[in-house]
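# Observations on the model geometry
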Amino acid sequence: MAEIEMPGDEVQRLGELLGRVVELIDTRPSGYNPADVGPPLVRPGSDFDDAWKDGRVQVKRNSKDLKDGCDAIVKAFAEFDAQMGSSLKEGSSPSGGRAATNSGGGPRPS
């Protein structure tokens, strides 16, 4: 039987991190004063922030879509794993072995 390896913990962690990006993308540091960075950087910093506004919306939207995809993958694999575990338990014979089945679902003749 082929094994399917799915890095569930990593996909789940990626989804959590993307969720954090979505939460924080619209925040700005509290108490930030452009003058604190010095005169040569005030205008470029403000220009960058103004230009970043449109990009911020796109990154937020894409991050949310990716997070939702990660959540769906983790959920689907968890459901699949639970179904496979149940089918193995249901297919077990009282002696501890699995009962063989044919494509019709009934016991396979010996």
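Keep in mind it's a predicted model, so treat the numbers as computed, not measured.

Reading guide: rules and limits
- Residues numbered from 1 in each chain as written.
- Predicted model: local features only at pLDDT ≥ 70, side-chain atom pairs only at ≥ 80, totals over all residues.
- Heavy atoms only, no water.
- Helix = DSSP H or I, 4+ residues; strand = E, 2+ residues; numbered from the N terminus.
- Buried < 20%, exposed > 50% of the residue type's maximum accessible area, 1.4 Å probe, protein only.
- Contact = heavy atoms within 4.5 Å.
- Areas by Shrake-Rupley, 256 points an atom, 1.4 Å probe, with all protein chains shown as cover.
- Expected span 1.5 Å × (residues − 1).
- Salt bridge = Lys/Arg side-chain N within 4 Å of Asp/Glu carboxyl O.
- pLDDT = per-residue confidence, 0-100.

Right, let's talk about the overall build of the protein chain for a bit. The helix and strand inventory of the protein chain stands at two helices and zero strands. Relative to its full complement of 110 residues, the protein chain shows a buried share of 11%. The long-range fraction of contacts in the protein chain, counting pairs at least 24 apart against all pairs at least 6 apart in sequence, stands at 64%. Accessible area of the protein chain: about 9000 Å², with a carbon and sulfur share of 57%.

This part covers helix 2 (residues 39-90). For helix 2, with 52 residues, the first-to-last C-alpha span of 73 Å sits near the 76 Å given by 1.5 Å per residue. All buried positions along helix 2 are accounted for by Asp-49, Arg-56, Ser-63 and Cys-70. Buried residues belonging to helix 2 abut helix 1 (8-24).

Here we come to the pattern of salt bridges. Considering all chains together, one arrives at four salt bridges under this definition. A salt bridge links Glu-23 to Arg-20; its shortest N-O distance comes to 3.1 Å. One end of the pair is Glu-23 and the other is Arg-20, both in helix 1 and three residues apart, which spans about a single turn. Between Asp-68 and Lys-64 there is a salt bridge, and its shortest N-O distance comes to 3.0 Å.

We now examine the confidence of the model for the protein chain. Per-residue confidence for the protein chain gives a mean pLDDT of 78, with 75% of residues at or over 70. Confidence drops under pLDDT 50 across residues 96-110; counting only partners more than four residues distant or on other chains, this segment forms 15 contacts.

What follows deals with the environment of Val-11. Checked against the element boundaries, Val-11 lands in helix 1. Taking relative accessible area as the criterion, Val-11 reaches 16% and is therefore assigned buried. Residues Val-11 and Cys-70, 59 residues apart in the sequence, show an inter-C-alpha distance of 5.9 Å. Sequence-distant contacts of Val-11, that is, excluding residues within four places in its chain, are made with Met-6, Cys-70, Ile-73 and Val-74.

A few words now on helix 1. Over its 17 residues, helix 1 runs 24 Å from end to end, which matches the ideal 24 Å to within 8%, given 1.5 Å per residue. Of the surrounding secondary structure, the elements contacted by the buried residues of helix 1 are helix 2.

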